[in-house]
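# Results of the structural survey
These are the residues of each chain, in order.
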Amino acid sequence: MRLLAEGARLRRHLGGSLQRLRAAVGARAALLLVGALGTVLAGCDNSPYPVGEPATNTLYTSFSERSPRHLDPVASYWNQDTPYTYSIYEPPYEYHYLKRPFVLQGRTAVAVEPPRYLDAAGRPLPDDAPAERIAESVYDVRLRPGILYQPHPAFAKDAQGRWRYHSDRTLGEADLAGKTSPLDFEHSGTRELVAEDYVYGLKRHATTRVTTPIAGIFSEYIIGLAEYTEQIKAEDAKLLAGRSRADLDKPHLDFRRWPLAGVSAPEKHLLRIRIKGKYPQWKYWMAMPFVAPVPWEAEAFYAQPGMARRGLSLDRWPVGTGPFMLTEFVQDRRHVLSRNPNYRGVPYPCEGNPGDREAGLLADCGKPTPFVDRIVFQIEKEGSTERAKFRQGWLDTPQIERSDNGLSYLVEMGDSDEVRRDYLARGYRFPRTTDLTNWFIGFNMLDPVVGHGRTPQEAERNRKLRQAISMAFDWEELFLLTPKKAGVAAHGPLPPGMFGSREGTVQGMNPVTHELVEGQMRRKRLEAARALLAEAGYPNGRDARTGRPLVLNYDWYRVLTPEFKVEVDWVSRQFAKLGIQLEIRATDNNQFQDKVRKGRHQIYWSGWLADYPDAENFLFLLYGPNGKSVSDGENTSNYANPDYDALFQRLKTLDDGPEKQQVIDRMVALVQQDAPWIFGYIPWGTSAFQPWLHNAITPIVIRDHLRFYRVDPEERVRLQTQWNRPVWWPLPLLLLALLALVWTARRHWQRREQAVALRRPAAQESGRAAC
């Protein structure tokens, strides 16, 4: 009987627990729905920014990968670094913001002055002296006085004129506690830019403490830099003697102690740079941050023990005289540039190209720059999220350093009339022009099948093979398959927009792949390519001597995503038109580079983005001594033609003019005939701009563009509100669903209570009977 009574009590206990559980579940569901309703109501404003921030004078943009990589001017060589380095540092020269072709002008320099020429005995030579007589080019760069650095603790002094944070005082752990930014220090200061700062900056290319990707090139031209580099290595070794390589704290390597023969400051505002021989392209380097000034105080400040461990370095917190300064740095998440209060307010240009005035690009003529107070960079890892934020108005322009981010929107407009009408109604701007870039497919000229050949007969046979393959490539077909990578099919190695390029004209037509038909350039028919392939000894893609099919290897070094697979399949089909089988040898980039260094590649895809707008910067990619497999240069095709190489040597010393044009024409004609590349395409340069963003252009070569951008915050807020109106119609449905859920939960609870009440007397009677 006791056992049965215990069972009854257990059933009563479990029944009550189940009731409470079901009631709790119903209540939980109701609470969740109420919470969801609250979220919807709170989310009517879907702005990713704090309340009121879009109404401020702030420019919003994005980045999609590790950015920036380096902010030290001698180490930075990546495109994603440029919005920061060109906005903070100021090299002596710059490009005019609007004039095309590109025009150099002074930035911190008073003007762009031509060099003086000296012979081997140091005697002056006339401006038109033959290049072979010129032993030295001397660039005297006079700087504008009164230019100030941004506020920074490296310049801070006390009332007695002593340095607060370096030199006169060594900081300890207590001084650095809680400090992760230069802005965390109580005091800051500034000083005037002087020529010695440029001297110091150029000397730093000899350092062993950071990566210096341009040091090799500069050592070829700056007198004494190669020897200076060896000296600095020895001096640095003395400073670091006995220290562990893992030790982040390194004593100040003060370059003021060791003079560099080729760089000096004869006067406070006069920079002198001595270049070996004649090298007209040097003027372009002086428009890049590689020739930025570096104040010695900044290095002394960051060299203090404990700084590196806290992320305090020139590579993360640069010091410059430019329009902006870095005020927030969260690696791979968010960065903020703020107006430099010491900037001199360089006026917006008043001249440009035809049509610029009509486009509103001259409306701010003469007004002081920069126009915005802050620039906020935020990570957007997914392209779909980035595009959605742009369409909603939360980004003024995505990835501000890129010259291809407008193409996907243009493709959407081309695919849908509805999208086109919507984008036009909203006033989005997607300007399009050809970029200063080229893409191509290259042959390894050391390869016995597609290369130079060992005999004149082999050379001719292989040349015809390369020409036939080039003729078969229909790049316009690729543009249809991958419209987000569209452009203009190329006829040679030089994109338009620079002196010497004839791309897009009849004079620049590639006679190997194209012909004139009724005055129009047209790609030759496939039958011509097949006939040339037969002349090369491969009729219908088979070796005439052995009857075996011709099999070539395509070395691909990227992950074969669905997008890239479309490209690779298209390349295979171009070879298949001629009956040639193409084997895809997929590797990662490291494996591919190793294969290239050993000369074991055969056919590859590559491209080049201009460092500066000069033909030399593209034609050096085919200069024989630059062979990748021979001398680890940039000539991945290992192309070597004595005539071309001799012309290139002349080209390097020529100023723009008729003689230089003739040399370029001959060089382009040689590579059109030799076909070391299948000339691919010049991509479209495009951007995406909101209607409230003014003075914005696609950043081709021009990298210091952010100071010219102007936003209209009132218009931005108005359109953001219009484009992101809350959707109210789901709220009544949610309320009805909430009421139905509550009613159902209550009914369920009532039924359970009634059922339990009916069972309780019967259970009690059963218990008594058992007793």
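This text follows the structure it describes.
Overview of the structure. Residue numbers run consecutively from 1 along every chain, following the written order of its sequence. Local features in this predicted model are restricted to residues whose pLDDT is 70 or higher, and side-chain atom pairs enter the listing and the counts only when it is 80 or higher, whereas totals over whole chains, interfaces and linings include all residues. Remark: hydrogens and water are excluded; side-chain values derive from all non-hydrogen atoms of the structure.

Let us look at the overall build of the protein chain. In this text, helices come from DSSP runs of H or I with a minimum length of four residues, and strands from runs of E with a minimum of two, each type numbered from the N-terminal end. Tallying secondary structure elements over the protein chain gives 22 helices and 22 strands in all. Over its C-alpha atoms, taken along the principal directions, the protein chain stretches across nearly 125 × 90 × 60 Å. Here the protein chain, with 771 residues, has 50% of them falling under the buried criterion. Exposure was quantified through the Shrake-Rupley algorithm and a 1.4 Å probe, taking into account, for residues, occlusion by the shown protein chains and nothing else. As displayed, the protein chain has an accessible area near 35,700 Å², and 54% of this comes from carbon and sulfur atoms. Counting rule applied: Lys, Arg positive; Asp, Glu negative; His and chain ends not counted. Charge coordinates come from a single atom per side chain, which is NZ of Lys, CZ of Arg, CG of Asp or CD of Glu. With 102 positive and 92 negative side-chain charges, the protein chain shows a spacing of 8 Å between the two charge centroids. For the exposure calls, accessible area comes from a 1.4 Å probe over protein chains only, and a residue counts as buried if that area is under 20% of its type's maximum, exposed if over 50%, partly exposed in between.

Before going further, it helps to examine the state of the cysteines. Any two cysteine sulfur atoms lying within 2.5 Å of each other are counted as a disulfide. Per the stated rule, a full pass over the model turns up one disulfide. With a sulfur-sulfur separation of 1.9 Å, Cys350 is cross-linked through a disulfide to Cys365. Handedness here is read from the sign of the S-S torsion; for Cys350 and Cys365, about 85°, the answer is right-handed. You can see Cys350 sitting in the loop between strand E10 (334–339) and strand E11 (374–379) and its partner Cys365 sitting in the loop between E10 and E11, a full 15 residues away along the chain. Since its relative accessible area comes to 37%, Cys350 is described here as partly exposed.

Pairing of aromatic rings covers Phe, Tyr and Trp, the last through its six-membered ring, and needs centres within 6.5 Å; plane angles under 30 degrees mean stacked, over 60 mean edge-to-face, and all others mean tilted. Summed over all chains, the structure comprises 50 aromatic pairs. Pairing Trp556 with Phe564 gives two aromatic rings, centres 5.5 Å apart and planes at 65°, and the pair type is edge-to-face. A connected cluster of aromatic rings, assembled from ring pairs, spans Trp439, Phe473, Trp475, Phe479, Trp570, Phe575, Trp605 and Tyr681. Above the ring of Trp296, the side-chain terminus of Arg256 is found at 3.7 Å from the ring centroid. Two limits define a charge over a ring: the Lys NZ or Arg CZ must be within 6 Å of the ring centre, and within 35 degrees of the ring normal. Between Arg432 and the ring centre of Trp684, over which it is positioned, the NZ or CZ distance is 3.8 Å.

To obtain each axis, a line is fitted to C-alpha atoms, and for helices this fit is confined to the stretch in contact; angles are then taken between N-to-C directions over 0 to 180 degrees. Running from N to C, helix H12 (residues 456–472) and helix H14 (residues 526–535) cross one another at 165°; their axes reach a closest spacing of 8 Å. Relative to H14, the element H12 is oriented roughly antiparallel. H14 is crossed by H12, and the crossing has left-handed handedness. Where H12 abuts H14, its residues Lys464, Leu465, Gln467, Ala468, Met471 and Ala472 lie against Leu526, Ala528, Ala529, Leu532, Leu533 and Glu535. Asp, Glu, Lys and Arg are counted as charged, while Ala, Val, Leu, Ile, Met, Phe, Trp, Tyr, Cys and Pro are counted as nonpolar; the rest, among them Gly, fall into the polar class. Here the residues of the contact of H12 with H14 sort into nine nonpolar, one polar and two charged. The scheme is simple: roughly parallel for angles under 35 degrees, roughly antiparallel for over 145, roughly perpendicular for 65 to 115, oblique for anything else. Each crossing is labelled by how the near helix is turned from the far one, with a counterclockwise turn of less than a right angle marking it left-handed and a clockwise turn marking it right-handed. Whether two residues are in contact is decided by their heavy atoms, any of which lying within 4.5 Å being enough.

For the rest of this paragraph, the subject is the pairing of strand E7 (residues 263–267). When DSSP finds two or more bridges between a pair of strands, those strands are recorded as paired. Note: E7 against strand E8 (residues 270–276), three bridges, orientation antiparallel. Looking at the pairing, Glu267 lines up with Leu270 of E8. Adjacent in sequence and paired antiparallel, E7 and E8 are bridged by two residues.

A few words on the sheet that holds E11. In space, the four strands of this open sheet follow the order E1-E11-E10-E9, with mixed pairing throughout. Since the sheet does not close on itself, it has two edges, and those belong to strand E1 (58–63) and strand E9 (324–330), each with one partner. Each neighbouring strand pair of the sheet contributes to a mean axis angle of 20°, computed without reference to strand direction. Here five bridges tie E10 to E11, and the two strands are oriented antiparallel to one another. Residue pairing across strands places His335 opposite Phe377, the latter belonging to E11.

Under the convention used throughout, the expected extent of a helix is 1.5 Å for every residue step, that is, one less than its residue count. Helix length check: helix H20 (residues 658–674) (17 residues) gives 25 Å between terminal C-alpha atoms against 24 Å at 1.5 Å per residue, within 8%. Those residues of H20 lying buried are Lys660, Gln661, Val663, Ile664, Met667, Val668, Val671, Gln672 and Asp674. Packing partners of the buried residues in H20 comprise H12, helix H17 (616–619), helix H19 (642–651) and strand E20 (677–686).

A few words now on the side chain of Ser76. Within the secondary structure, Ser76 sits in the loop between E1 and helix H2 (82–88). Overall, the relative accessible area of 10% leaves Ser76 in the buried class. A distance of 3.3 Å separates the side chain of Ser76 from the backbone oxygen of His70, its partner in a polar contact. Not counting residues up to four positions away in its chain, the partners in contact with Ser76 are His70, Asp81, Thr85 and Phe290. Throughout this description, a polar contact denotes any pair of N or O atoms lying within 3.5 Å of each other; where both atoms belong to protein, one of them has to be capable of donating a hydrogen while the other can accept it, and for residues adjacent in sequence the pair is counted only when both atoms sit in side chains.

Moving on, we get to unusual backbone geometry. Leaving glycine out, the prevailing phi sign among residues is negative, and the prevailing peptide bond configuration is trans. A cis geometry characterises the amide bond from Arg100 onward to Pro101, with omega recorded as 0°. Its place among the elements puts Pro101 in the loop between strand E2 (93–95) and strand E3 (104–106). Following Thr369, the chain continues to Pro370 via a peptide bond in cis, the omega torsion being 5°. The residue Pro370 is located in the loop between E10 and E11 in this model. The backbone phi angle of Glu518 is positive, close to 55°, even though this residue is not glycine. What makes Glu518 exposed here is its relative accessible area of 78%.

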